[in-house]
Amino acid sequence: MFQKRQLRIIYLVILIIMIVLIYKSFTQHKPNDDDVEQTSGGDPMLKVSAPIYVVVYYEALCPDSKNFVLHQLLPAYERAPDLMDIEFVPFGKASWTTKSDGSLEFDCQHGHIECEANTIHACVVEAVREPRTRLDMVACMIENNIIPVEAFLRCAKQHGVDIESIKKCYDSPHGAELLKVHGEATHALRPAVTFIPTVTLDGAQYVQKSILKDLFGNVCQVVSGRGPKPDVCK
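Keep in mind that what you see is a predicted model, and the values were worked out from it rather than measured.

### Focus: the packing of aromatic side chains
The way to describe two aromatic rings as a pair is by their centre distance and the angle between their planes. A complete count under the given rule lists 4 aromatic pairs for this structure. When the ring of Phe 91 is compared with that of Trp 96, the centres are 5.8 Å apart and the planes differ by 80°; the resulting orientation is edge-to-face. According to the relative accessible area criterion, Phe 91 is buried, its value standing at 0%. Here a set of aromatic residues connected by ring pairs shows up, and it is made of Phe 91, Trp 96 and Phe 106.

### Describing the state of the cysteines
Each disulfide consists of one covalent bond between the sulfur atoms belonging to two cysteines. Counted by the stated rule, this structure contains 4 disulfides. Between the sulfur of Cys 108 and that of Cys 115 lies a disulfide, 2.1 Å long from S to S. Taking the sign of the S-S torsion, about 120° here, the bridge from Cys 108 to Cys 115 comes out right-handed. A sulfur-sulfur distance of 2.0 Å marks the disulfide that ties Cys 140 to Cys 155. A torsion of -85° about the S-S bond marks the disulfide between Cys 140 and Cys 155 as left-handed. With Cys 140 in helix α4 (residues 131–143) and Cys 155 in helix α5 (residues 148–159), this residue pair connects regions lying 15 residues apart in the sequence. What makes Cys 140 buried here is its relative accessible area of 11%. Going through the protein in sequence order and numbering each bonded cysteine, the pairs you get are 1-2, 3-6, 4-5, 7-8.

### Points about the side chain of Glu 114
Tracing the sequence through the fold places Glu 114 in helix α3 (residues 112–127). For Glu 114, which is buried and forms no salt bridge, the nearest opposite charge comes from Lys 93, at a distance of 10 Å. Contact partners of Glu 114, with chain neighbours within four places excluded, come to Glu 59, Ala 60, Leu 61, Cys 62, Cys 108 and Gln 109.

### Quick word on the pairing of strand β4 (residues 84–90)
Residues in a regular strand point their side chains to alternate faces of the sheet. Judged by how many residues are buried, β4 sits mostly within the fold: 6 of 7 residues are covered. Bridge analysis of strand β3 (residues 52–58) against β4 gives 7 bridges, and the strand direction is parallel. Within the sheet, the bridge partner assigned to Ile 52 lies in β4 and is Met 84. At this point the chain moves from β3, through helix α2 (residues 63–79), to the parallel β4, and the crossover so formed is right-handed.

### Things to note about the nonpolar core
Formed by 32 residues in total, the largest nonpolar core has its most connected members in Val 54, Leu 73, Met 84, Phe 88, Leu 201, Leu 215 and Val 219. Elements with a contribution of two residues or more to this core: β3, α2, β4, α4, β7 (198–201), α8 (208–213) and α9 (215–224). With 7 residues, the single largest contributor to this core is α2. Ile 120, Met 141, Val 161 and Ile 163 belong to the second-largest nonpolar core, a separate cluster that totals 17 residues.

Procedures and definitions
- Residues numbered from 1 in each chain as written.
- Predicted model: local features only at pLDDT ≥ 70, side-chain atom pairs only at ≥ 80, totals over all residues.
- Heavy atoms only, no water.
- Phe/Tyr/Trp six-rings, centres within 6.5 Å; stacked < 30°, edge-to-face > 60°.
- Buried < 20%, exposed > 50% of the residue type's maximum accessible area, 1.4 Å probe, protein only.
- Disulfide = S-S within 2.5 Å.
- Helix = DSSP H or I, 4+ residues; strand = E, 2+ residues; numbered from the N terminus.
- Lys, Arg positive; Asp, Glu negative; His and termini not counted.
- Salt bridge = Lys/Arg side-chain N within 4 Å of Asp/Glu carboxyl O.
- Contact = heavy atoms within 4.5 Å.
- Pairing = 2+ DSSP bridges.
- Right-handed = clockwise from strand over helix to strand, strands pointing away.
- Core = buried A, V, L, I, M, F, W, Y, C linked by side-chain atoms within 4.5 Å.

Have a look at this one:
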């Protein structure tokens, strides 16, 4: 009797295992057309489910910011646009005071021209939401920002960006308010900013020297920590 009872229990356990395996085989996710993209060779490649949120805290006239945008950020995005969601915070090591009439006055690391350039960048970042165009605008302006308004007009024409709405922004108190918002975001960063540019990946600062020298490698490292390494990172 005892042996028969043992056999029944064993058969029941085997049956449950088979049911679970059959259930999993029917419910396991299979990639569909929305989950894959075609590589240049025509082979399907799984998309990254969520890009890394890259936030760049920078200054418009900062040589290190210029170097990072042109030689790290832009090439990394061109290699793997699906891996990154880029946001810009133009402010850096600036400060501001509120005058008696309620207007804002800024003091920037590289002088009043940088304050003007930062304000224009803030207006561009707000107005241009298409990721590649926004990156192209920032890269274009930061390459030669000595005369900020001329740089903006030249780059806007080059990249097909509406001029009037952005001009209205930086010519009005709204531009200053935007710059203050970027300043508050910069000052709220922890650990506090000690070097410009500072770059966060999904909100973390990691090793800044490494990110500034090899953004693409660091993005791949963070992405790979979520699961299989994307083909573009291999």
